[in-house]
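# Understanding the architecture of this molecule
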Amino acid sequence: MNILDETKKQIRESLCDAVLAAELATYEQIPAIILETPRDKNHGDYASNLAMQLARVAKKNPREIAEEITKHFNKEKASVRTLEVAGPGFINLFLDQRFLRQVVPTVLREGAAYGRSNVGGGTSVLVEFVSANPTGVLHLGHARGAAVGDSLCNILDMAGYNVKREYYINDAGNQIDNLAKSLEVRYLQALGKDAALPEDGYQGQDIIDIANDIAKAHGEEFVSLSEKERVDHFQTLGLDHLLKKLQADLEDFRVSFDTWFSESSLYTSGKVEETLETLRSNGEVYEKEGATWFQSTRYGDDKDRVLVKNDGSYTYLLPDIAYHKDKMDRGFDKLVDLFGADHHGYIARMHAAIQALGYPKAKLDFQVGQNVNLFKSGERMKMSKRTGNAVTMRELAEEVGLDATRFFFAMRSVDTHLDFDMDLAVEESNENPVYYVQYAHARVSSLFLQAEEKGVAYDKSAELDLALIDSEKAYELLKKIGEFPTVVAGAAEQYAQHRIPNYLHELSSTFHSYYNAERIVDPGHPGLTQVRLALANATQTVLRNGLNLIGVQAPQKM
RNA sequence: GUCCCAGUAGCUCAGCUGGAUAGAGCAACAGCCUUCUAAGCUGUAGGCCGCAGGUUCGAAUCCUGCCUGGGACGCCA
């Protein structure tokens, strides 16, 4: 429990007590008390609309009610300095801000753990994200998914959820066969033999590179194998290579997964069959026109879906259902799927599927990342996987910088379309908000150096005279720092990772303002210097903790 | 035609599940460095919150209908 939340809770209780004392309503009649943070400082630190909500019950006008509540309110207990009745009946509460000073020792004590809360209550969550087809390159959309998903997981973790990250590998089906065949052809070509790429084969240079490597290492070793053996072999080799590359790309993007789940393992373990049988015995499927259909319309889908085609093979949906069944059976309290807008039609059918299997719909949440458009030299870059023309995740990070890329993706709500202007990000990089936040962090480090040079080095174990903190700017900063755990908790509950960058920007702004208003390192006043450095240190800790959540570095120097 | 997302300052976006005079960054304008990092600070200007109804004490926020832009609607994945 953090200081701000505790104070708010205390205020709510005091308001409740005041209503009862004034005999305005019974306990049962009192609604959930909402404390707003007014935009305008003249309206206090918090404002409550309680009087307006009680107008009906008490049969009095809201202003009158507000006056009554104010009269019976216990100010000392709730750290409230004054109360005012304003507007149509708002009760504005002005805090005795001195309680905020406790934020400093709290942050210094908790350090990297400051911001943790237990709103998650240990709920286990499996977040699946990226899950790009291994035969393609990670492009912009995946970069967004990777940045958002990873940030979200970090946030969930800090808010007391038990998080696991998973990548679902589509290593079964046509695309992989195709990969194997393409690789085989390139291998034969590398050996100077005559072979033609299948019509829908993979054109990419990476396939050629892999084939050349294999040819170099193994020579003609595989030529004598039967075609089937050869293709199988190339499938394993190719996949292995692609996965390693994928993993490396993601690691370099500061994203790592707890599990890499193989689609083909669902076939070998018999889980695909098993899922189909379960659906069948639950009476959720029927046969029509030689195919097997899942009656997803029962659960609100637009139309029924084919699971087994009339040639006997499975559609992508069946293994995907089996995959979600497997995830459910692994005992997670919650599953989160994060993917691109092009798969949004998938939501209804997957929700239908898990219900048909007997799991509650609410256990599976979806986050849909809207499209990313890349602009370069004022022109929109067309995305194309096949021609290899798209800007890849790696290229983007290299050109723009990893910190800026991650911050940029994290700062936008996932469900908005995103225009990524590379020229702006590269050429005018100092205008990127990430630098503003990092600068605040580096500035604090610089303060410590200054203090040392001037003989008033920051002493972490020094006794702090917190009473020396007593300015409006300092209180604003303290309040902002105090909000951090609540911001993290809210971001977790709403899957709103973008609130973290926004918060960090606000915190930085508050700090820069404080920095300009008060001289922190002042050799003439060692005690004051210590307190102010402690406040700066607390700020820096929060900046660092927040940047960690979104995978951005916190530099000591810029 | 159906479904999803978006529409808020010139541009890019916030707006904490319904609150008071709608915010930030960039761009524009005016100030602030012999003193801790000017990648900073202070101030000014800039708005029919797509449009029209509805719900109520109160709507950018919730409901309905339209308009515009993006995406999805396969026995592809």
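Predicted, not measured: the structure shown is a model, and the values here were computed from it.

Under the domain assignment, chain A is made up of domain 1 (3–95), domain 2 (124–170 + 256–369), domain 3 (174–252) and domain 4 (432–549). Averaged C-alpha coordinates put domain 3 and domain 4 at centres separated by 54 Å.

Once that is clear, we can look at the protein's contact with RNA strand B. RNA strand B sits among 73 residues. The nearest are Ala 47, Lys 309, Ser 413, Tyr 439 and Ser 446. Sorting the residues of the surface near RNA strand B by element identifies helix 2 (50–58), strand 4 (90–95), strand 15 (418–421), helix 16 (433–453) and helix 18 (499–517) as the ones contributing at least two each. With 10 residues, helix 16 is the largest single contributor of residues to the surface near RNA strand B.

Tracing the backbone shows Gln 530 in helix 19 (residues 526–549). A residue is classified by how many C-beta atoms lie within 10 Å of it, and Gln 530, with 21 of them, is buried. C-alpha of Gln 530 to C-alpha of Thr 510: the two residues are 20 residues apart in sequence and 20 Å apart in space. Beyond its immediate chain neighbours, meaning those up to four positions away, Gln 530 contacts Tyr 458, Asp 459, Ala 462 and Leu 464.

Relative to each other, helix 4 (residues 103–110) and helix 19 sit at 55°, their axes nearing to 9 Å. As summarised for this structure, helix 4 and helix 19 are arranged oblique, according to the angle between their axes. Crossing of helix 4 against helix 19: the hand is left-handed. Residues Val 103, Val 104, Val 107 and Leu 108 of helix 4 pack against Ala 534, Leu 535, Asn 537, Ala 538, Thr 541 and Val 542 of helix 19. Here the contact of helix 4 with helix 19 is built from residues that sort into 8 nonpolar, 2 polar and no charged.

Conventions used here
Residues numbered from 1 in each chain as written. Chains lettered and ligands numbered in written order. Predicted model: local features only at pLDDT ≥ 70, side-chain atom pairs only at ≥ 80, totals over all residues. Domains from an automatic or database assignment. Near = placed C-beta within 6 Å. Helix = DSSP H or I, 4+ residues; strand = E, 2+ residues; numbered from the N terminus. Buried ≥ 20, exposed ≤ 12 C-beta atoms within 10 Å, placed from the backbone. Contact = placed C-beta atoms within 7 Å. Axes fitted to C-alpha atoms, helices over the stretch in contact; angles between N-to-C directions. Parallel < 35°, antiparallel > 145°, perpendicular 65-115°, else oblique. Left-handed = near helix turned anticlockwise from the far one by under 90°. Nonpolar A, V, L, I, M, F, W, Y, C, P; charged D, E, K, R; others polar.

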